[in-house]
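Structural characterization, general
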Amino acid sequence: MSQTEWPLWEVFIRARRGLGHLHVGSLRAADTTMALQHARDLYTRRGEGVSIWVVPTDAIGASSPDEKDPLFDPAMDKVYRLPSYYRMPEGAERL
Amino acid sequence: MNEKAVAYVLRLGDDALVAAQRMAALATWAPQLEEDVALANIALDLLGQARALLTYAGELEGQGRDEDLLAYRRDEHEFTSALLVEQPDTDFAATMVKLLFFSAYQRLLYEELSAGDDETLAAIAAKSVKEVAYHLSHACAWTVRLGDGTEESKRRMQTAVDELWPYTHELFASDSVWRGYGFDPAGLRERWLGIVEPVLAEATLERPVDDWAPTGGRDGLHTEHFGYLVGEMQSLHRAHEGVSW
Amino acid sequence: MDPRASQPAFIPGAAELLAEVEAAESLLDQRGPAGAAAPAGGEEADLLAHFEAVIAADAKIEPRDWVPAGYRESLIRQIAQHAHSEIVGMQPESNWITRAPSLKRKAILLAKVQDEAGHGLYLYSVAESLGANRESLLTALHDGKQKYLNFINYPTLTWGDVGALAWLTDGAAVVNQVPLCRSSYGPYARAMVRVCKEESFHHRQGFDLLWTLSQGSPAQHTMAQEAVNRWWGPALAMFGPPHRDSTHSEKSMAWRIKRFTNDELRQRFVDITVPQAEILGLTLPDPALAWNSERGHYDFTPPDYEELKRVVAGNGPCNRQRLARRRQAHEQGEWVRAAAAAHAAKHSREDAA
Ligand SMILES: [Fe+2]
Ligand SMILES: [Fe+2]
Ligand SMILES: [Fe+2]
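Looking at an unreviewed UniProt entry, one finds chain C named Ring-1,2-phenylacetyl-CoA epoxidase subunit PaaA and attributed to Kutzneria buriramensis.

Going by what an unreviewed UniProt entry lists, chain B is known as Ring-1,2-phenylacetyl-CoA epoxidase subunit PaaC and is assigned to Kutzneria buriramensis.

**Considerations on the overall build of chain C**
When helices and strands are tallied, chain C shows 14 helices and 2 strands. Its C-alpha radius of gyration of 22 Å places chain C within 12% of the 20 Å reference for a compact globule of 353 residues. For chain C, the spread of C-alpha atoms along the principal axes amounts to about 70 × 60 × 40 Å. Across the 353 residues in chain C, those meeting the buried criterion constitute 57%. The contacts in chain C between residues at least 6 apart in sequence include a share of 78% that link residues at least 24 apart. In the structure as shown, chain C presents an accessible area of about 14300 Å², 54% of it carried by carbon and sulfur atoms. Charge separation in chain C, taken as the distance between the mean sites of 38 positive and 43 negative side-chain charges, equals 5 Å.

**So, the overall build of chain B**
Counting its regular elements, chain B contains 10 helices and 0 strands. Along chain B, helices and strands appear, N-terminal first, in the series α-α-α-α-α-α-α-α-α-α. Its C-alpha radius of gyration of 17 Å places chain B within 12% of the 18 Å reference for a compact globule of 245 residues. With the C-alpha coordinates aligned to their principal axes, the bounding extent of chain B is approximately 55 × 40 × 30 Å. Scored against the burial criterion, the 245 residues of chain B give a buried share of 63%. Taken as a whole, chain B presents about 9100 Å² of accessible surface, with 51% of it coming from carbon and sulfur. Positive and negative side-chain charges of chain B, numbering 21 and 42 respectively, have mean locations separated by a distance of 1 Å.

**A short note on the coordination of the iron ion (ligand 3)**
Residues and elements named next belong to chain C. Within the first shell, the iron ion (ligand 3) binds the protein through E116 (OE), D170 (OD), E199 (OE) and H202 (ND1), at distances of 2.0 to 2.2 Å. In terms of primary sequence, the donors binding the iron ion (ligand 3) are separated according to E-x53-D-x28-E-x2-H. Separating the iron ion (ligand 3) from the iron ion (ligand 1) is a gap of 4.0 Å. Placement of the pair is E116 in helix α5 (residues 103-129) and E199 in helix α8 (residues 186-214), with a sequence separation of 83 residues. Residues E116 and E199 agree in their burial class; the two are buried.

**Quick word on the layout of surface pockets**
Residue and element names in this part refer to chain C. Put simply, the second largest pocket is a space of about 1200 Å³. If you go around the second largest pocket, you meet 42 residues; those closest to its centre are Q81, L149, G240, P241 and N262. Sorting the residues of the lining of the second largest pocket by element identifies α3 (69-88), α7 (159-177), α10 (249-254), α11 (262-280) and α12 (305-315) as the ones contributing at least two each.

**Comments concerning the interface of chain C and chain B**
Taken together, the contacts link 49 residues of chain C with 47 residues of chain B. Across the chain C-chain B interface, the total number found is 2 salt bridges. Between R134 of chain C and E34 of chain B there is a salt bridge, with its nearest N and O atoms 2.5 Å apart. There are 18 residue pairs in polar contact (both at pLDDT 80 or more) connecting chain C and chain B. Those elements giving two or more residues to the side of chain C that touches chain B turn out to be α4 (90-94), α5, α8, α9 (218-237), α13 (319-332) and α14 (334-352) of chain C. The element best represented in the side of chain C that touches chain B is α5 of chain C, accounting for 13 residues.

**Some words on empty space enclosed by the protein**
All names here are of chain C. A complete count under the given rule lists 6 cavities of 30 Å³ or more for this structure. Volume-wise, the largest cavity comes out at about 150 Å³. S85, E86, E116, F151 and D170 are, among the 16 residues lining the largest cavity, the residues nearest its centre. Of all elements in the fold, only α3, α5 and α7 reach the threshold of two or more residues within the lining of the largest cavity. Of all the elements, α7 adds the most residues to the lining of the largest cavity, at 5 residues. Classifying every residue of the lining of the largest cavity by side-chain character gives 5 nonpolar, 5 polar and 6 charged. Empty space within the second largest cavity amounts to approximately 130 Å³.

**Details of the confidence of the model for chain C**
All names here are of chain C. Model confidence for chain C is summarised by a mean pLDDT of 90, while 91% of its residues fall at 70 or above. In this model, residues 1-6 is a region of pLDDT below 50 whose contacts with residues beyond four sequence positions or in other chains number 8 contacts. Interface predicted TM-score (ipTM) for the complex: 0.98; the corresponding pTM is 0.92.

**Concerning helix α6 (residues 134-142) of chain C**
For α6 of chain C, the tally of buried residues reaches 7 of 9 residues, placing the bulk of the element in the interior. Every buried residue of α6 of chain C is listed here: R134, E135, L137, L138, A140, L141 and H142 of chain C. As for α6 of chain C, its buried residues are in contact with β2 (22-28) of chain A, α2 (33-61) of chain B together with α3, α5 and α13 of chain C. Where α6 of chain C begins, the capping side chain belongs to N133 of chain C, and its oxygen is found 3.2 Å from the backbone nitrogen of E135 of chain C. Just downstream of α6 of chain C lies G144 of chain C, where phi reads positive at about 75°.

**Looking at the pattern of salt bridges**
The tally for this structure, following the rule as stated, stands at 42 salt bridges over all chains. The residue D115 of chain C makes a salt bridge to R46 of chain A at a minimum N-O spacing of 2.6 Å. Of this pair, D115 of chain C sits in helix α5 while R46 of chain A sits in the loop between α1 (32-43) and β3 (51-56), each in a different chain. Looking at D115 of chain C, the relative accessible area reads 2%, which means it is buried. Relative accessible area serves as the criterion here: at 39%, R46 of chain A is assigned to the partly exposed category. The partner of E112 of chain B in a salt bridge is R191 of chain B, with the nearest N and O atoms 2.9 Å apart. Highlighted residues: E112 of chain B in helix α5 (residues 92-114) and R191 of chain B in helix α9 (residues 189-202), separated in sequence by 79 residues. What makes E112 of chain B partly exposed here is its relative accessible area of 24%. Relative accessible area serves as the criterion here: at 37%, R191 of chain B is assigned to the partly exposed category.

Rules of the game
Residues numbered from 1 in each chain as written. Chains lettered and ligands numbered in written order. Predicted model: local features only at pLDDT ≥ 70, side-chain atom pairs only at ≥ 80, totals over all residues. Heavy atoms only, no water. Helix = DSSP H or I, 4+ residues; strand = E, 2+ residues; numbered from the N terminus. Rg over C-alpha atoms; globule rule 2.2 N^0.38 Å. Buried < 20%, exposed > 50% of the residue type's maximum accessible area, 1.4 Å probe, protein only. Contact = heavy atoms within 4.5 Å. Areas by Shrake-Rupley, 256 points an atom, 1.4 Å probe, with all protein chains shown as cover. Lys, Arg positive; Asp, Glu negative; His and termini not counted. Charge placed at Lys NZ, Arg CZ, Asp CG, Glu CD. Donors = N, O, S within 2.8 Å, 3.2 Å for Na, K, Ca; no water. 1 Å grid on protein atoms, 1.4 Å probe; cavity = no way out; pocket = protein on both sides within 12 Å on 5 of 7 lines; lining within 4 Å. Points joined across faces, edges and corners; volume = space filled by probe spheres on them. Salt bridge = Lys/Arg side-chain N within 4 Å of Asp/Glu carboxyl O. Polar contact = N/O pair within 3.5 Å; in protein donor to acceptor, adjacent residues only side chain to side chain. Nonpolar A, V, L, I, M, F, W, Y, C, P; charged D, E, K, R; others polar. pLDDT = per-residue confidence, 0-100.

And the structure:
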């Protein structure tokens, strides 16, 4: 990486109110203002968003695929967390 | 026909058109790909403003001239844009300083016009003021970065500020057209300085002294750069009479 | 007179391609097969088996997954070449922005050229998610070590070329890229959905531009026809050498980085384009072009592959000019990039203090 290469930022866009921010890609920018302006110009040219987050790629802690088992498998056997686990008797509505 | 209104709206339309033509010519030349996208957005905004304003000027005139006849079939001396917007983009510093000066001016003027009596003009101004507010913040951010960046960037920025400053006076030079319709920008200089001076200060750039103040653009007397700009813009359109594109 | 009044609303083949993009997009939204988890800190053989299982299930590979080095290299090469094509490809069209013959066309053309910069950025972003670095990819482009598509090395001599380039080469790009919306690499597939939707605007505006010229004055019609004559060959050649001579094809097909052969895609492009030319009232410069009812496809003369080789090797009409300009723009921007980096460094220190 050369001296002048700007850092990488990850861009998250909220498409409309009621939705969460979704990762859409990355860009390079020297500072936060620039990252936000570029994200707006690059990822919302067709009105794709109402809110933007930019996060320095370096600042993201990510689970590695190797950890997939310990991190996510425990959730797989707790089916009792899902509403569909419970069979409702006839007539019990609006639960 | 309201001649005063036509002349007034044409000035606004020509400013936007010439600024758009200059900015659009920078496609593929930006210092970073992201900035290429940003400059094109700004050019597209300005072009949209030019189209709305020229269309409206043509309607006010009532001679059947549309945006294209006004853009492509007038001669150089019939354009009444300010000298500032036709200045060449000698480097990225010139582009950003020009954008800073021009978008600060546009923002103030459009703000006034959006509250004016002419409903059509007010609607165009109200839409445009949001666009130019963004252009202004883009230009401010770059002015500060480059003014307070490296020695080279500071030198380039100061040169651009010094070279372009004289052309800002014309934006606020009152005459019968400005006084005859809409809002006279003559009164906006102080507020304009109120935007621009703090940005230059934050950018550690010197605010030039007010001395030379060239004018002429509003009367169709342009700098030598302008003939090339118009000639290039109109060349293809003028080569074919009476056709659609 | 608004030429749109009588413009055909239907562009044969265009809606079909867009529907495929949308189908690929909805597949991405569905929860795919979760796939067995990668073995933690596994042996290379286990990791490879897992990778192959994901590919076989038609599931997506995501950025931090273990992948064979060859998969990573092939993808980076393919994506970089694509990204470079987007950004160098801005040049032939930007050549006409300042001279566009109406303000509406000027706006459309600028928006299109801007989109291409955007496509370049989406793609560099995908390449960076694979561990490549944009600056190094640009250096490889500037040094001539990585290529971009052949057609970009031809000149846009008239306004007609602007239309023909978009109709034919953006059209070819759509045919080429629609299958990539199902690429096995998730970020690439997602980026391609976005790119293809935007490309279809490019393709249509080119068609619209040419249609207006074709219906216009005799001089305009000639301008359109001559441009189509110039761009047909380069557009056909965009699909690359015939499958039998293609160096990277086999492995790329197996990894689902690529889904059809060059020849299949070229045929598809011809089949879609011939009826469009008829509606445009323009001819395609190939006397051998004819419907073959047995094959259910059009027969056509293959492009000049020797010319393709020459152009890819750097000896097309504009190769040197295009690269020189790309380098110049980059070098010219160096002081700006350096200044912004210096400013950010100064101010993050101030913020910390
Ligand atoms: Fe493309
Ligand atoms: Fe593209
Ligand atoms: Fe395109």
